[in-house]
Amino acid sequence: AASAQAQQPAEAAGKWMASTCQGCTSWCPVQVKVVDGRAVHLRGNPLAKANHGKICPRPHLALQQVYDPDRVRQPMKRTNPEKGRGKDPGFVPISWDEAMDMLADRIMELRNDGEPEKFALFRGRYTYLRDILYSAVPKIIGSPNNISHSAICAEAEKFGPYYVEGLWDYRDYDLEHTRYVLCWGADPVSSNRQVPHAINFWGNMRDNATVAVVDPRLSATAAKADEWLPVIPGEDGALAVAMAHVILAEGAWNKTFVGDFVDGENRFVPGQTVDEPQPSVAAEGAERTEGIVAGDAPTSRTSASVFNEIHTHGVVQWWNLELKDRTPEWAAERTGIPAEQIRRVALGFAAAGSRAISWLSPGASMQARGGYSAMATHALNGLVGSIDAKGGVVAKVKDPTGSVPDMAPYQDELAASHSKYDKIDQRGTLAFPSLNGGKSGGGVVTNAAADGMLAKSPNEIKVAIAYWSNFGFSTSGSYRWEQALSELPFFVHLTTNASEMSMFADLVLPAAHQLFEKWGYIKGKQNLHSYVSLNQRVIDPLWDVKQDETEVPFMLAEKLAERGFDNLYRYYTEGFADPETGAAPTNGEEFTEYALKMLTRGCWDSTHEDYGKYGDRLEGWEDFKEKGVWNSHRYEYGKRVDNFATQTGKVEFYSETLKTALRGHAERHDTTVDGVLEATNYVGRGELAFVPHFEPALRHGDEVEYPFVFFEHRSRLNREGRSANCTWYQAHKNVDPGDENWSDVLKMNPIDADALGLDDGDMVRITSTTGTITAQLKRWEGLRPGTVAKCYGQGHWAYGRVAAANFAEHVPLGGNNNEILYPEFERLSGSTARHGGPSRVKVERV
Ligand code: MGD
Ligand code: MGD
Ligand code: MO
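What counts and how
- Residues numbered from 1 in each chain as written.
- Chains lettered and ligands numbered in written order.
- Predicted model: local features only at pLDDT ≥ 70, side-chain atom pairs only at ≥ 80, totals over all residues.
- Heavy atoms only, no water.
- Helix = DSSP H or I, 4+ residues; strand = E, 2+ residues; numbered from the N terminus.
- Buried < 20%, exposed > 50% of the residue type's maximum accessible area, 1.4 Å probe, protein only.
- Contact = heavy atoms within 4.5 Å.
- Phe/Tyr/Trp six-rings, centres within 6.5 Å; stacked < 30°, edge-to-face > 60°.
- Polar contact = N/O pair within 3.5 Å; in protein donor to acceptor, adjacent residues only side chain to side chain.
- Axes fitted to C-alpha atoms, helices over the stretch in contact; angles between N-to-C directions.
- Parallel < 35°, antiparallel > 145°, perpendicular 65-115°, else oblique.
- Left-handed = near helix turned anticlockwise from the far one by under 90°.
- Near = heavy atom within 4 Å.
- Areas by Shrake-Rupley, 256 points an atom, 1.4 Å probe, with all protein chains shown as cover.
- Nonpolar A, V, L, I, M, F, W, Y, C, P; charged D, E, K, R; others polar.
- Domains from an automatic or database assignment.
- Pairing = 2+ DSSP bridges.
- Buried area = accessible area lost by both parts, 1.4 Å probe.
- Salt bridge = Lys/Arg side-chain N within 4 Å of Asp/Glu carboxyl O.
- Core = buried A, V, L, I, M, F, W, Y, C linked by side-chain atoms within 4.5 Å.
- Lys, Arg positive; Asp, Glu negative; His and termini not counted.
- 1 Å grid on protein atoms, 1.4 Å probe; cavity = no way out; pocket = protein on both sides within 12 Å on 5 of 7 lines; lining within 4 Å.
- Points joined across faces, edges and corners; volume = space filled by probe spheres on them.

J.: Can you explain the overall build of the protein chain? Please cite residues and give values.
T.: Counting its regular elements, the protein chain contains 28 helices and 33 strands. Taken over the C-alpha atoms alone, the protein chain extends approximately 80 × 70 × 65 Å along its principal axes. Here the protein chain, with 846 residues, has 64% of them falling under the buried criterion. Excluding contacts between residues fewer than 6 apart, the proportion of contacts in the protein chain whose partners are at least 24 apart in sequence is 73%.

J.: Quick rundown of the packing of aromatic side chains? Include the residues and the values.
T.: Scanning all chains against the criterion turns up 39 aromatic pairs. Seen in terms of ring centroids, F268 and F307 are 5.9 Å apart; in terms of plane orientation they differ by 50 degrees. Their pairing is tilted. With F268 in the loop between strand 12 (259-261) and helix 12 (281-284) and F307 in strand 13 (residues 307-309), this pair connects stretches of sequence that are 39 residues apart. Its relative accessible area of 2% is what places F307 among the buried residues. Plain terms: the ring middles of W330 and F694 are 4.9 Å apart, the flat faces sit at 85 degrees to each other, and that makes the pair edge-to-face. With W330 in helix 14 (residues 328-335) and F694 in the loop between helix 26 (673-679) and strand 24 (708-713), this pair connects stretches of sequence that are 364 residues apart.

J.: Give me the lowdown on the side chain of D70, citing residues and values where you can.
T.: If you trace the backbone, D70 turns up in the loop between helix 2 (58-66) and strand 4 (76-77). For D70, a relative accessible area of 13% gives the class buried. A distance of 3.1 Å separates the side chain of D70 from the side chain of N725, its partner in a polar contact. A distance of 2.5 Å separates polar atoms of two side chains, one belonging to D70 and the other to R801.

J.: So what about the packing of helix 10 (residues 236-249) against helix 16 (residues 370-384)? Which residues, and what values?
T.: The interhelical angle for the contact between helix 10 and helix 16, taken along N-to-C directions, is 25 degrees, at an axis separation of 8 Å. With respect to their mutual orientation, helix 10 and helix 16 come out roughly parallel. As helix 10 runs across helix 16, the sense of the crossing is left-handed. On helix 16, the residues that touch G237, A240, V241, M243, A244, I247 and L248 of helix 10 are S373, A376, T377, L380 and L383.

J.: Talk me through the environment of Y799; I want residue IDs and the actual numbers.
T.: Considering the arrangement of structural elements, one finds Y799 in the loop between strand 28 (787-791) and strand 29 (804-806). Residue Y799 is classed as buried on the basis of its relative accessible area, which comes to 8%. Sequence separation between Y799 and Y822 is 23 residues, and the spatial gap between their C-alpha atoms is 23 Å. Other than its neighbours up to four places away in sequence, Y799 contacts D70, N470, T496, N497, A498, S499, E500, G721, R722, N725 and F807.

J.: Tell me what's going on with the site of ligand 1, and back it up with residues and numbers.
T.: Near ligand 1 lie 31 residues; those nearest to it are H149, S474, T495, D548 and E712. Within the backbone of S474, one N or O atom sits 2.6 Å away from a nitrogen atom of ligand 1. Burial of ligand 1 by the surrounding chains reaches 98%, relative to a free accessible area of 910 Å². Per element, the largest residue contribution to the shell around ligand 1 is three residues, and it comes from strand 18 (residues 490-495). Tallied by class, residues from the shell around ligand 1 come to 10 nonpolar, 14 polar and seven charged. Both domains that furnish three or more residues to the shell around ligand 1 are identified here as domain 1 (89-169 + 405-430 + 442-511 + 546-569) and domain 3 (708-845).

J.: Please provide a residue-by-residue account of the pairing of strand 7 (residues 145-148), values included.
T.: The side-chain alternation of strand 7 yields two buried faces, one formed by N145 and I147 and the other by N146 and S148. Inspection of the sheet shows strand 6 (residues 119-123) paired to strand 7 by four bridges, in the parallel sense. By the bridge assignment, L121 is partnered in strand 7 with N146.

J.: Can you explain the domain arrangement of the protein chain? Please cite residues and give values.
T.: Each domain of the protein chain was delimited in the assignment, giving domain 1 (89-169 + 405-430 + 442-511 + 546-569), domain 2 (170-282 + 289-394) and domain 3 (708-845). Buried area between domain 1 and domain 2, summed over both chains or domains, comes out near 1300 Å², and the portion from carbon and sulfur atoms is 66%. For the pair domain 1 and domain 2, the number of links is two salt bridges. Measuring nitrogen to oxygen at the nearest pair gives 2.9 Å for the salt bridge that ties R171 to E157.

J.: Any chance you could break down the site of ligand 2 for me, citing the residues and the numbers?
T.: Within the structure, ligand 2 sits among 34 residues, and S191, D215, D236, R714 and N718 are positioned closest to it. A distance of 2.8 Å separates an oxygen atom of ligand 2 from a polar backbone atom of G234. In the environment of ligand 2, an oxygen atom lies 3.2 Å from a nitrogen or oxygen atom belonging to the side chain of S361. Here ligand 2 has 910 Å² of accessible area as a free molecule, and 98% of this is covered by the chains. Broken down by element, the shell around ligand 2 gets its largest block of residues, three residues, from strand 24. Taken together, the residues that form the shell around ligand 2 break down as nine nonpolar, 14 polar and 11 charged. There are two domains that each give the shell around ligand 2 at least three residues, and those are domain 2 (170-282 + 289-394) and domain 3 (708-845).

J.: An account of the nonpolar core is requested, with residue identities and associated values reported.
T.: Of all hydrophobic cores here, the largest spans 72 residues; its most connected members are L182, M243, F268 and L662. Both domains that meet at this core, namely domain 1 (89-169 + 405-430 + 442-511 + 546-569) and domain 2 (170-282 + 289-394), each give it at least three residues. Once residues lying within four places of it in the same chain are set aside, the contact partners of L182 are A212, V214, M243, V345, F349, I357, S358, W359 and L380. If you look at the next biggest cluster of nonpolar residues, it comprises 65 residues, including A99, V552, L556 and F576.

J.: Just give me the short version of the packing of helix 10 against helix 14, but keep the residues and values in it.
T.: Put simply, helix 10 and helix 14 touch, their axes get as near as 9 Å, and they point 165 degrees apart. Taken together, the axes of helix 10 and helix 14 lie roughly antiparallel to each other. Read as a crossing pair, helix 10 and helix 14 show a hand that is left-handed. For the pair helix 10 and helix 14, the contacting residues are A238, L239, V241, A242, H245 and V246 in the first and P328, W330, A331, R334 and T335 in the second.

J.: I'd love a proper account of the side chain of D236, names of residues and values included.
T.: Note that D236 resides in helix 10. Buried charge D236 goes without a salt bridge, the closest partner of opposite sign being R699 at 8.8 Å. Once you skip the residues sitting within four places of it in the chain, D236 turns out to touch W184, V214, V231, G363, A364 and Q367.

J.: Before we move on, can you summarise unusual backbone geometry with the specific residues and values?
T.: The step from S457 to P458 runs through a cis peptide bond, and the omega angle for that step is 5 degrees. Here P458 shows up in the loop between helix 18 (448-455) and strand 17 (463-467).

J.: I'd like to hear about the layout of surface pockets, residue by residue, with values.
T.: When its volume is computed, the largest pocket comes out at roughly 1100 Å³. Forming the walls of the largest pocket are 38 residues, and the residues nearest its centre are R123, Y126, Y128, R130 and K158. Secondary structure elements with two or more residues in the lining of the largest pocket: helix 4 (131-134), strand 7, helix 6 (150-153), helix 7 (155-165), strand 20 (517-526) and strand 21 (529-537). Top element by residues in the lining of the largest pocket is strand 20. It accounts for three residues. Across the lining of the largest pocket, the residue classes tally to 11 nonpolar, 11 polar and 16 charged. Looking at which domains feed residues into the lining of the largest pocket, each of domain 1 (89-169 + 405-430 + 442-511 + 546-569) and domain 2 (170-282 + 289-394) gives three or more.

Below, the structure is given as structure tokens:
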């Protein structure tokens, strides 16, 4: 009743207008209540089948972002040529026209000197209009260097499902029908990628399903779970293979999905290998094994011990190579989880049959050796047959959006050749296979770009633009970005706030806020529905802001054309047109609208070939804007079975797909797969490379000098790294278990705190091999002795007056975890390993 009352003033007047919240990667369709041109309230878009009208707390915080008095209000130019943390940039306001002239001059200089590869574009969060800026600008100028934030986000997570079921993507989960949810570092009621849907369904799930949470921290989800498994950070792989061991040894796997021994006798006996009458693919060195078809044993196999594998590939090899010795007792020692709990959870999970979810998050994969943990945790879904099944783990549904026109015709010779140079992020080098999609160097290595810039390898970067990103804050070992940005001759930051990266900029350009002031569209999935949701300009923009992905590049194109290089301008004006009138854009706003209409046409234009094919039939562009969301049909289970995008088409426990990828990378560098494993810090050798296997946690810092394993988590209120200047964030920080309002706490088990004589509220210095930060101590039982944890999000020394303790003097509020996190990588995917406890720390009273 109280909340209904609170809503009344907003209900009384104004209009609900649709947009999209990009505070996290749930990317929820929302509605904004606009009263007299002011955004005053938010709710879920009731037409959206994914979040079905629900939201989490974070869209509300966006109000404080858009009306933040510390926003950048007009373009700013640096006057102090000296760059560095703590150095006053001496920003002075200039016009957009002057700013774009400066940028265009710098780009022309690179082109005239024949070195356009020295330009870089850094991207953080984005809408799907991104390619207009992120791809077209570097490609048409002639640079290979468009570097996204994906590898500081969650690429190691995608690595698991890709090398098990051929899916380089996040999964969707059938929460409505599931009977068991096993979360690996996932905290779905407060984070991950379907937060409002999970919050809304979790109550029912508590009735219908068992929830087990593997997390070194008592997360919000763990606090409500049936089982909490407080794993020692970085030891998830050991736990996952032990669960797989139990499921096989106890005969609990899904026989209709995986198959069985011909005579039905279980030969998965702990400590013993199973005879492999089937030809060992590895021994033959075969590239493909499509000859092995569902339930179709080769004729030479008459032995009763033959395992007739159905929809999976290599279960016997997995057992023989890895699982046979991975008993719960073995895992208990490594993981800190009692053997009987491992057994109970594994068997409970398997008993749910295909209605079971093994939910992998960055927590259990963005670890130095997390590639194989990602595979192991996801492979559990294969053992119980829950991949592509009712109550299990599913994928997105196709949508009718398009892509930007081909840029090649607009690349001159210089651009065509130089845009193929090696990238600054080291992808594809021996130590950074970054095997996105099976290809050596197929994915980004975001955090290595700083090292590349510092080493000027493979080339120097002289001019860079970063938009909607803050790598000076958001990357492990963030001091390397501070150095790299200090040495960068010309840097442009396109941002709402003067954040850490802005402090190194020559130009700070004010960006429209994604939820209220900007046009765009996003694609997402929750609740078995995929969707296309519009970002709309629902209020008049505050200040002199421009839209990062469309208006700014259009202005740049005009400026380059004035200087005799009109390729980008021609690409934008010839390649993009209003699909309804055919009109070419004459300014940035028209360009924005036409591009958006073009790319989303299949959602709303009945003449489009894909109209209505995959879901909603919206009645024209105005209807789409009004409704704000296009919903797909509901996911249909079982269509991908035997047609997975792996080499065998099966769920691969023995990953032929990874084998090919690793061999490809090894050949490129004249080495062996073992050579690749060595260069990427993995300890497994031989055929272990091709199966999900245990790898010990990797940590930096001597155990005696740095006695605690440091790990971290995100906040329910984090809008990625962008919440800290909101007072509502600070005032409600204690929604995260163990945290305190208006503070940044280091959580420590009372046993350890007693040993160190530390009390609640003591200021402590946390030191790793890479840096020192300070925080307030919080005694808390929600983590095991020997570990300490802190939420990510505080520690801003820039951004604004709420985020920083002293914005003018660059004094941080609390500490940024990234200053003490060693810049470690999960190299097979190119990811930054923020999890798994990569840094040991010491804790001292200040
Ligand atoms: P943010 O830190 O959210 O993004 O890291 P980044 O991609 O760097 O910063 C975005 C910046 O864009 C803001 O600082 C501000 O300068 C600007 N900005 C804010 N709002 C807008 C807007 O509406 N438009 C535009 N144009 N600019 C805006 C995110 C990355 O961080 C991700 S995805 C993950 S998953 C990681 N999370 C994480 C963590 O959990 N722990 C640690 N230690 N590090 C992490 N880093 C990663
Ligand atoms: P993380 O926050 O990186 O990923 O998806 P999440 O699933 O939220 O995972 C951290 C969890 O892993 C924490 O609960 C932490 O305690 C645990 N953890 C730490 N170390 C270990 C370990 O060694 N083993 C295990 N098992 N767990 C460990 C990330 C996703 O979330 C992304 S990429 C983005 S960009 C979105 N950001 C975002 C946000 O900023 N705020 C909120 N509220 N939700 C978000 N959702 C999205
Ligand atoms: Mo992310």
